[in-house]
Number of protein chains: 2
Amino acid sequence: MIQPVMIPESVERARVARLATVGADSRPHLVPICFVVEGSVLYSAVDRKPKRSANLKRIENVRANPEVTVLVDHYDDDWTQLWWVRLDGRARVLAEGAEREHALELLAGKYPQYSADAPDGPVLAIDVERRRSWAHGDSRP
Amino acid sequence: MIQPVMIPESVERARVARLATVGADSRPHLVPICFVVEGSVLYSAVDRKPKRSANLKRIENVRANPEVTVLVDHYDDDWTQLWWVRLDGRARVLAEGAEREHALELLAGKYPQYSADAPDGPVLAIDVERRRSWAHGDSRP
């Protein structure tokens, strides 16, 4: 049995993260995401009513290659304040169903903007399998 | 002849960006970076005196697959203020030489921290080949 990965509160509290996926052509793709954490799963919604398939690059990538990475970091010009947490995992695309609905409720709880205007695209569920953290003072970034 | 990609001033001014590379195993890798822009090239230094090869994952990835993506974004809880710029390019590893020295001078000009303590690892030079930008009010993120 795989031990669930503990996701630190500093990540849960963060308002934005960056999600990297990999295309079938082996090119990386990178977007900022709003997200919510439950246990060792991270949920992120695709903004509502996408009109062009190009906008769903992250979804297309994940369907071909579910390995993704999420980074939460803190920047400050005082470099003694720097830290980051990187979460590697496998993503699932939730086009519909109870888990998607639950994720949307959690997202609306964290982001009031979503209460007023719920995303109606798919939700990405990322099952986190590995955590790597760094903070200034640690041996190496 | 390839037209050089114009990198907006909002990117040049940003203090931090996120760099995605892809491993030989097709997994994405993601780190926050300090960087400087000159023309359509983006330079980023590896912090000094790396002691373990694991710390050079981005370098190892780039040597195997030079396709990288850099994201600069602005988050605000007022979502009308959101924007991001994504730069796709090919990375070169500068282990030594005049271009590396020049990049370190540019970096020290932007980040006083580097003047006091110059990085002595390799410099990544990213030749930007494509820019994608988004801001709230544009058709789609």
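Residues numbered from 1 in each chain as written. Chains lettered and ligands numbered in written order. Predicted model: local features only at pLDDT ≥ 70, side-chain atom pairs only at ≥ 80, totals over all residues. Heavy atoms only, no water.

**Things to note about the sheet that holds strand S5 (residues 67–74) of chain A**
All names here are of chain A. Defined as follows: Strands pair, by our definition, only if DSSP identifies at least two bridges between them. For the purposes of this entry, the term helix denotes a DSSP run of H or I that reaches at least four residues, the term strand denotes a run of E that reaches at least two, and both are numbered from the N terminus. Every axis corresponds to a line fitted to the C-alpha atoms, with the helix fit spanning only the stretch in contact, and the corresponding angles, defined between N-to-C directions, vary from 0 to 180 degrees.
With respect to topology, 7 strands assemble into an open sheet ordered S2-S1-S5-S6-S7-S4-S3, the strand pairing being antiparallel. What marks the edges here is a single partner per strand, and that holds for strand S2 (28–33) and strand S3 (36–38). Pairs of neighbouring strands in the sheet enclose a mean axial angle of 30 degrees, with direction left out of account. Of the pairings in the sheet, the one linking strand S1 (residues 17–22) to S5 comprises 3 bridges and is antiparallel in character. Of the residues in S5, the one forming a bridge with Arg 18 is Leu 71.

**Re the packing of aromatic side chains**
Quick note on the threshold: Any pair of Phe, Tyr and Trp rings, taking the six-membered ring for Trp, is counted once the centres come within 6.5 Å. Such a pair is stacked with planes under 30 degrees apart, edge-to-face with planes over 60 apart, and tilted for the rest. By definition, being over a ring means that NZ of Lys or CZ of Arg is both within 6 Å of the ring centre and within 35 degrees of the ring normal.
Tallied over the full model, the rule gives 8 aromatic pairs over all chains. Of the aromatic side chains, those joined through ring pairs into one cluster are A:Trp79, B:Tyr111 and B:Tyr114. A:Lys110 extends its terminal NZ or CZ atom over the ring of A:Phe35, reaching a point 3.9 Å from the ring centre.

**Brief notes about the pairing of strand S6 (residues 83–94) of chain B**
Residue and element names in this part refer to chain B. As defined by bridge partners, strand S5 (residues 67–74) adjoins S6 across 8 bridges and the pair is classed as antiparallel. Its bridge partner lying in S6, Val 68 is registered against Gly 89. Across 12 bridges, S6 lies against strand S7 (residues 123–135) in antiparallel orientation. Its bridge partner lying in S7, Leu 87 is registered against Arg 131.

**Comments concerning the side chain of A:Thr21**
All names here are of chain A. Threshold: The rule is simple: take the accessible area with a 1.4 Å probe, protein chains only, and divide by the maximum for that residue type; under 20% is buried, over 50% is exposed, in between is partly exposed. Whenever a nitrogen or oxygen atom comes within 3.5 Å of another N or O atom, the pair is scored as a polar contact, on the condition that within protein one atom can donate a hydrogen and the other can accept it, and that pairs from neighbouring residues in sequence are kept only if both atoms are in side chains. Two residues form a contact once any of their heavy atoms are found within 4.5 Å.
Along the chain, the position of Thr 21 falls in strand S1. Given the relative accessible area of 1%, Thr 21 is considered buried. Here the side chain of Thr 21 touches Asn 61 through a polar contact of 2.9 Å, side chain to side chain. Discounting residues that sit within four places of it in the chain, Thr 21 has contacts with Arg 27, Pro 28, His 29, Arg 58, Asn 61, Val 62 and Val 68.

**Describing helix H2 (residues 57–64) of chain A**
Residues and elements named next belong to chain A. In plain terms, the rule: Arc definition: it is the arc formed by the directions from the helix axis to the C-beta atoms.
For H2, every residue scored as buried is listed here: Arg 58, Ile 59, Asn 61 and Val 62. Each buried residue of H2 sits inside an arc of 160 degrees when the element is viewed along its axis, so together they form one side. Counted as exposed and oriented over 90 degrees from the buried face of H2: Arg 63 and Ala 64. If you follow the buried residues of H2, they end up packed against S1, S2, S5, strand S6 (83–94) and strand S7 (123–135).

**What to know about the pairing of S2(A)**
All names here are of chain A. Of all 6 residues in S2, 6 are buried; the element is thus mostly enclosed. Of the two faces of S2, the one carrying Pro 28, Leu 30 and Pro 32 and the one carrying His 29, Val 31 and Ile 33 are both buried. Sheet topology places S1 next to S2; 6 bridges connect them, and they run antiparallel. Residue pairing in the sheet places Ala 17 in a bridge with Ile 33 of S2. As consecutive antiparallel partners, S1 and S2 are separated by 5 residues, and within that stretch Ser 26 has a phi angle of approximately 70 degrees, a positive value.

**Examining the sheet that holds S7(B)**
Within a sheet, each strand pairs with its neighbour through backbone hydrogen bonds, oriented either parallel or antiparallel. Residues and elements named next belong to chain B. What the 7 strands build is an open sheet, ordered S2-S1-S5-S6-S7-S4-S3; its pairing is antiparallel. In the strand order of this sheet, the two ends are held by strand S2 (28–33) and strand S3 (36–38), each with one partner. Ignoring strand direction, the axes of neighbouring strands in this sheet form an average angle of 30 degrees. Across the sheet, helix H3 (residues 98–110) lies against S3, strand S4 (41–45), S6 and S7, angled at about 80 degrees from S4, the strand it touches most.

**Observations concerning unusual backbone geometry**
Residue and element names in this part refer to chain A. Positive phi is not limited to glycine here, since Ser 26 has a value of about 70 degrees. Locating Ser 26 in the fold gives a position in the loop between S1 and S2. You can call Ser 26 partly exposed: its relative accessible area is 28%.

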